[in-house]
Amino acid sequence: MEKQQSPNSHQNHSHSTEQNHSHDQSEKMHEEHGSNHHGHQEHGNMVEDFKKRFFISLILTLPILALSPMIQDFLRVDWRFDNDLYILFALSTIVFFYGGWPFLTGGISELKDKNPGMMTLIALAITIAYGYSTMVVFGWDGNQLFWELATLVVIMLLGHWIEMRSIMGASNALEQLIQLMPNEAHKLDKHKQVHDVPLSEIKNKDWLLIKPGEKIPVDGLIMEGNSTVDESMLTGESLPIDKTAGDGVIGGSVNKEGSLTIEVEKTGEESYLSQVIKMVKEAQESKSRTQDLTNRAAKWLFYLAIGAGLVTFTVWLLLGYSVDIAVERMVTVMVITCPHALGLAAPLVVAVSTSISAKKGLLIRNRTGFEDARNLNAIVFDKTGTLTKGEFGITNIVPNNEYTEEKVLQFAASIEQNSEHPIATGIVQSAKDKGIELRKVTDFESITGKGIQGQVDGQKVNVVSPRYINNNKLNYDQQQFNELSEEGKTVVFVLVEDELAGMIALADMVRETAKEAVATLKEQGIHSIMLTGDNKKVADWVAKQLGIEEVYAEVLPDDKANQIKKIKEKGWKVAMTGDGVNDAPALATANLGIAIGAGTDVAMETADVILVRSNPNDVVALIDLSKKTYRKLVQNLWWATGYNIFAIPLAAGVLAPWGLVVSPAIGAVLMSLSTIIVAINAKLLKA
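Basis of the calculations
- Residues numbered from 1 in each chain as written.
- Predicted model: local features only at pLDDT ≥ 70, side-chain atom pairs only at ≥ 80, totals over all residues.
- Heavy atoms only, no water.
- Helix = DSSP H or I, 4+ residues; strand = E, 2+ residues; numbered from the N terminus.
- Buried < 20%, exposed > 50% of the residue type's maximum accessible area, 1.4 Å probe, protein only.
- Contact = heavy atoms within 4.5 Å.
- Areas by Shrake-Rupley, 256 points an atom, 1.4 Å probe, with all protein chains shown as cover.
- Pairing = 2+ DSSP bridges.
- Axes fitted to C-alpha atoms, helices over the stretch in contact; angles between N-to-C directions.
- Polar contact = N/O pair within 3.5 Å; in protein donor to acceptor, adjacent residues only side chain to side chain.
- Core = buried A, V, L, I, M, F, W, Y, C linked by side-chain atoms within 4.5 Å.
- Salt bridge = Lys/Arg side-chain N within 4 Å of Asp/Glu carboxyl O.
- UniProt positions renumbered as here; feature names shortened; annotations may be inferred.
- Phe/Tyr/Trp six-rings, centres within 6.5 Å; stacked < 30°, edge-to-face > 60°.
- Expected span 1.5 Å × (residues − 1).

## Some words on the overall build of the chain
Then step 1. For the chain, the count of helices and strands is 25 helices and 22 strands.
Then step 2. Buried positions account for 55% of the 687 residues belonging to the chain.
Then step 3. In the chain, the proportion of contacts linking residues at least 24 apart, taken out of those at least 6 apart, comes to 72%.
Then step 4. For the chain, the exposed area adds up to about 30200 Å²; of that, 54% sits on carbon and sulfur atoms.

## Considerations on the sheet that holds strand 13 (residues 441-447)
Then step 1. Spatially, the six strands line up as an open sheet ordered 12-17-16-15-14-13, and their pairing is antiparallel. The open sheet has two edge strands with one neighbour each: strand 12 (388-399) and strand 13. For this sheet, the mean inter-axis angle between neighbouring strands, taken without regard to orientation, is 20°.
Then step 2. Note: strand 14 (residues 451-456) against strand 15 (residues 459-464), six bridges, orientation antiparallel. Across the sheet, the residue bridging to Gly-451 is Val-464, located in strand 15.

## Overview of the side chain of Thr-134
Then step 1. Inspection of the secondary structure assignment puts Thr-134 in helix 5 (residues 118-137).
Then step 2. On the basis of relative accessibility, which here comes to 18%, the residue Thr-134 falls in the buried class.
Then step 3. One polar contact links the side chain of Thr-134 to the main-chain carbonyl oxygen of Tyr-130, over a distance of 2.7 Å.
Then step 4. If sequence neighbours within four positions are ignored, Thr-134 has contacts with Phe-89 and Phe-146.

## A look at the nonpolar core
Then step 1. Core analysis: the largest hydrophobic core is formed by 101 residues, its most contacted members being Ile-126, Phe-146, Leu-149, Leu-342, Ile-379 and Leu-592.
Then step 2. Among the elements that line this core, the one with the most residues is helix 5, at 14 residues.
Then step 3. Those residues in contact with Phe-146 that lie beyond four places of it in its chain are Ile-64, Leu-88, Phe-89, Ser-92, Tyr-130, Ser-133, Thr-134 and Val-137.
Then step 4. Grouped together as the second largest cluster of nonpolar side chains are 25 residues, Ile-397, Ile-415, Ala-431 and Leu-506 included.

## Some words on the sheet that holds strand 9 (residues 260-266)
Then step 1. Ordered by their spatial adjacency, six strands build an open sheet running 2-1-3-9-4-7, and the pairing between neighbours is antiparallel. Each edge of the open sheet is held by one strand with a lone partner, namely strand 2 (194-198) and strand 7 (248-249).
Then step 2. Bridge count between strand 1 (residues 184-188) and strand 2: five bridges; the pairing is antiparallel. Considered in strand 2, the bridge of Lys-187 is made with His-195.

## A word on the pattern of salt bridges
Then step 1. One pass over the structure, following the stated rule, counts 17 salt bridges.
Then step 2. A salt bridge links Asp-382 to Lys-560, with the nearest nitrogen and oxygen atoms 3.2 Å apart. Linking Asp-382 in strand 11 (residues 378-382) with Lys-560 in helix 21 (residues 557-568), this pair joins segments that are 178 residues apart in sequence.
Then step 3. A relative accessible area of 3% means that Asp-382 is categorised as buried.
Then step 4. On the accessibility criterion, Lys-560 (0% relative accessible area) is buried.
Then step 5. Salt-bridge contacts for Glu-486 lead to Lys-537; the nearest nitrogen and oxygen are separated by 3.7 Å. Pair noted here: Glu-486 is in helix 18 (residues 478-486) and Lys-537 is in helix 20 (residues 536-546), with a separation of 51 residues, a long-range link.

## Considerations on unusual backbone geometry
Then step 1. With a phi angle near 50°, Asn-401 is a residue other than glycine that sits in the positive phi range.
Then step 2. Along the polypeptide, Asn-401 turns up in the loop between strand 12 and helix 15 (405-416).
Then step 3. Residue Asn-401 is classed as exposed on the basis of its relative accessible area of 65%.
Then step 4. For Glu-497, which is not a glycine, the phi torsion comes out positive at approximately 50°.
Then step 5. Along the chain, Glu-497 falls in the loop between strand 16 (490-496) and strand 17 (499-510).

## Observations concerning the environment of Ser-485
Then step 1. Here Ser-485 is to be found in helix 18.
Then step 2. When the C-alpha atoms of Ser-485 and Lys-537 are compared, they prove to be 7.9 Å apart, with 52 residues separating the residues in sequence.

## Some words on the UniProt feature "transmembrane region" (unreviewed entry) in the chain
Then step 1. Here, UniProt's "transmembrane region" (unreviewed entry) annotation points to residues 54-71, 86-104, 116-139, 145-162, 300-319, 331-358, 637-659 and 665-685.
Then step 2. Between the C-alpha atoms that bound residues 116-139 there is a distance of 33 Å. The span itself is 83% helix and 0% strand.
Then step 3. In the segment residues 637-659, helix accounts for 70% and strand for 0%; the C-alpha atoms at its two ends are 32 Å apart.

## A look at the packing of aromatic side chains
Then step 1. The full count for this structure, using the stated rule, is 19 aromatic pairs.
Then step 2. Taking the centre distance of 6.3 Å and the plane angle of 55° together, the rings of Phe-89 and Phe-146 count as tilted. Linking Phe-89 in helix 3 (residues 84-99) with Phe-146 in helix 6 (residues 146-166), this pair joins segments that are 57 residues apart in sequence. Both residues of the pair, Phe-89 and Phe-146, belong to the buried class.

## Brief notes about helix 4 (residues 101-112)
Then step 1. Between the first and last C-alpha of helix 4 there are 17 Å, a value that for 12 residues agrees with the 16 Å anticipated at 1.5 Å per step.
Then step 2. When we look at burial in helix 4, the residues that qualify are Pro-102, Phe-103, Leu-104, Gly-106, Gly-107 and Glu-110.
Then step 3. Backbone geometry just after helix 4 places Lys-114 at a positive phi near 55°.

The following block contains the structure:
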């Protein structure tokens, strides 16, 4: 593995312009991971399919309602004409087979899995309504229920369309990972001549040239050259790392400055990035697809429909009524058991909660994971970019001899203004925040691995690493330096005319909102854990600032996912919050993956929820909204199915001895009221 960076080393940070580099995937990678993209397209096609079926079925339902004798009786009009029932039959047949097709096939699939749910319940209701009504049109004595079939199909299609549109489709995290890799490499032949070749032709032991600003195409070992390499996208390490001959490099990381010659160690499926891809894929595939509330309700209603229908049929026959009447009662009971409102109960709540969450900066991609947030026992936070800003700020300035803190900062910031290194940015920003004027710099130069130097107001100024100070045997307050280093801070030294002017300590700044979030979660009995690829000293310092007691540092990506598994083994529901490629396997493994919006596309594509504002406090808001959404969902399911408690016994004819038999038309009115109440109740969901 690569050499870990000391927390108090100061890398060379000269300005380098990252060259435009193609991110096209190689043909081989396209073939390997094309199936994932196909899945994403498939989801989009399904949404469009439901939308098309809904509108066509809706248009056909209008004449079905107008032609239905029962609806005409209800409206007290007479629009009957010769052969009108055959036209009604033809239109209803189209709605049944075209509009109802997803439910018929879905029902068969659920029955094959011996797990009846929503699709089975809808398929049962529309099949019975269609079969019975067809018999009536062609001579059976009774009232046809084509209007019931058509309205049920239309409302259920609407519900599924709303639901599918509200939930993000299949993840294309794997595609995002592949895009990190360049598609060509600069291969060196035995005469040290450079040839650009496709990545698929690179083999182990080949030598490659990596120019400044380019992405490193494969895992390898540096044979010649030194540079700083940005691995933050892959490992979560917050600072670019000094690399020299003998150090390892990871494919997908960025070479910031010097040219490197590397020997290829791992290609294709053996590479670090491919291993991350594999872990994400495995974790996504192993996620349990637990049935949601609606499916559980539908499952019991399915059994109830069959049981109540058979009991009704038997009782009416035993009471001496004709088969015609017994069948009509049975059909009415079985059709009425599938409430229209059930198809809208969950989708309407989902649509409203998704809208509310978007306004609050929470993008829900996986509804089941979001709903489970109400049961969380622990939240695992990545450090860099999540609990911290991912930006360096000055925590201490220790001046030497006659120098003041302001003067030390002015010298350092003046010379650092020519650099885009994270340390430089932190120093310059701190000076600007304090209103310190930056002086003009001449003769600026950077020395790889040592620091930078230049002339400020005619004086030679250096900002250097501890290694430079030790190599040149300069005296400094070692006790103070060690204390700062123990806190995980990065310390740089400011020299004026080769004499020490002072030390500046920097750290990745903790988000104030992270402190609030951890405190609130603690009040709610939710355990906060930090998991980071950064070194232990830095992690412990950040955890102390935030009040987090459980910390796992220097953790590799596969270990992150394993750590999540260990926590889940306690029987806990775990959420993972992160922002980098290295967090992707853990995000996919957790019960709920939460990506910080400022993070990588890969992290966001793997997550169930995205926090747009990069605010850890939004994790608390997410849990709160999950609880409210669940409560509203339960209310809606009661409203959707509650009327069955009254309607089914009445439809079965329990009050028939007293001359009261509920006609299908009255059942339809009850259904409509139930649907309206469900819609209004969903709209009452508040953040």
